[in-house]
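# Breakdown of the fold
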Amino acid sequence: MLGLITGANRGLGLELVRLGLAQGDSILAACRNTDGEQMTELLTFKTDYPEFLEILQMDVTKEEEVKEAADKVRKKYEHIDFLINNAGVLFEKMKMPGDCIRDLDIDMLRRNLEVNVVGTALVCKYFIEQLYRSVCPCIMNITSEAAHLSPKGYNYPAYSVSKYAANMYTQKLRNFLEEERKELHMRIYMIHPGRMDTAMGKENAQIHPKEAAEGIYAILSGRKEILPMEIPFIDYKGRPMLC
């Protein structure tokens, strides 16, 4: 398989790249920046798998960069088989000072939405034609349990709003594909990757991102069968999530 993974230079994205290459897949690894210390491991992979790994500079919030990356891929490859929208941000802590309503940082809310929602939409917009050409296309949008509506808790309001919106966007994609492009048999999921020990999730970490990557890749490869779902919100083990 040939697939695109965003946010590929660290955390879950890096583990997904590592696993995909080890299993013989070809990976397009998209990163906001393609230099600096955070690229060290990914560049090592490029040395080890020169024919199977291509690194793309692509800030998912910049439409022109996303379009240029898609054009570059289109010229080189006839199709891609999967897209994992993994790039994301979390700026809040579990307990933020002050009043959750009065003291909300609106610029932070906008940045969450720009990366976690608009970025996902931009990548889908410009790479969907490549997915349409695959015989086994799959889209995986990494969201979060924070998207679940609950009568209790007010932590991470900006992040939670963005992930709920990302789920709604994913559901609309699923509905369109089901109603208008059913012949494609495209699989699409919104996935809670668990509370991972990453730069974003360290505060509530329960698992290593390698565990999440293994579960996600098992779903992607078909080793973990997921029956058709009207609302395909699952965790990294394939278990249905509450909406």
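Note that the structure is a prediction, hence the values are computed from the model and not measured.

Basis of the calculations
Residues numbered from 1 in each chain as written. Predicted model: local features only at pLDDT ≥ 70, side-chain atom pairs only at ≥ 80, totals over all residues. Heavy atoms only, no water. Buried < 20%, exposed > 50% of the residue type's maximum accessible area, 1.4 Å probe, protein only. Helix = DSSP H or I, 4+ residues; strand = E, 2+ residues; numbered from the N terminus. Pairing = 2+ DSSP bridges. Phe/Tyr/Trp six-rings, centres within 6.5 Å; stacked < 30°, edge-to-face > 60°. Lys NZ or Arg CZ within 6 Å of the ring centre and 35° of its normal. Salt bridge = Lys/Arg side-chain N within 4 Å of Asp/Glu carboxyl O.

## Looking at the pairing of strand S4 (residues 82-85)
Neither face of S4 is exposed, since Phe82 and Ile84 on one face and Leu83 and Asn85 on the opposite face are all buried. Pairing geometry for strand S1 (residues 2-6) and S4, over 3 bridges, is parallel. Along S4, the bridge assignment pairs Ile5 with Ile84. Here 4 bridges tie S4 to strand S5 (residues 138-142), and the two strands are oriented parallel to one another.

## Examining the packing of aromatic side chains
As enumerated under the stated definition, the model contains 1 aromatic pair in all. Aromatic side chains Phe82 and Tyr217 sit 6.3 Å apart centroid to centroid with 80° between the ring planes, which places their arrangement in the edge-to-face category. Here Tyr217 lies in helix H6 (residues 209-221) and Phe82 lies in strand S4, a separation of 135 residues in the sequence. Each member of the pair, Phe82 together with Tyr217, is buried. Seen from the ring of Phe91, Arg111 lies directly overhead, with NZ or CZ sitting 4.6 Å from the centre. A cation sits over an aromatic face here: Lys125 above Tyr126, 5.4 Å from the ring centre.

## Quick word on the pattern of salt bridges
Applying the stated criterion across every chain yields a total of 12 salt bridges. Measuring nitrogen to oxygen at the nearest pair gives 3.2 Å for the salt bridge that ties Lys76 to Glu54. Note that Lys76 is positioned in helix H3 (residues 63-76) and Glu54 in strand S3 (residues 53-57), a separation of 22 residues in sequence. We classify Lys76 as exposed; its relative accessible area is 54%. The closest approach of N and O atoms between Arg110 and Asp107, which form a salt bridge, is 3.4 Å. Here the residue Arg110 and the residue Asp107 both occupy positions in helix H4 (residues 106-132), the gap between them amounting to 3 residues, near one helical turn. You can call Arg110 exposed: its relative accessible area is 53%.

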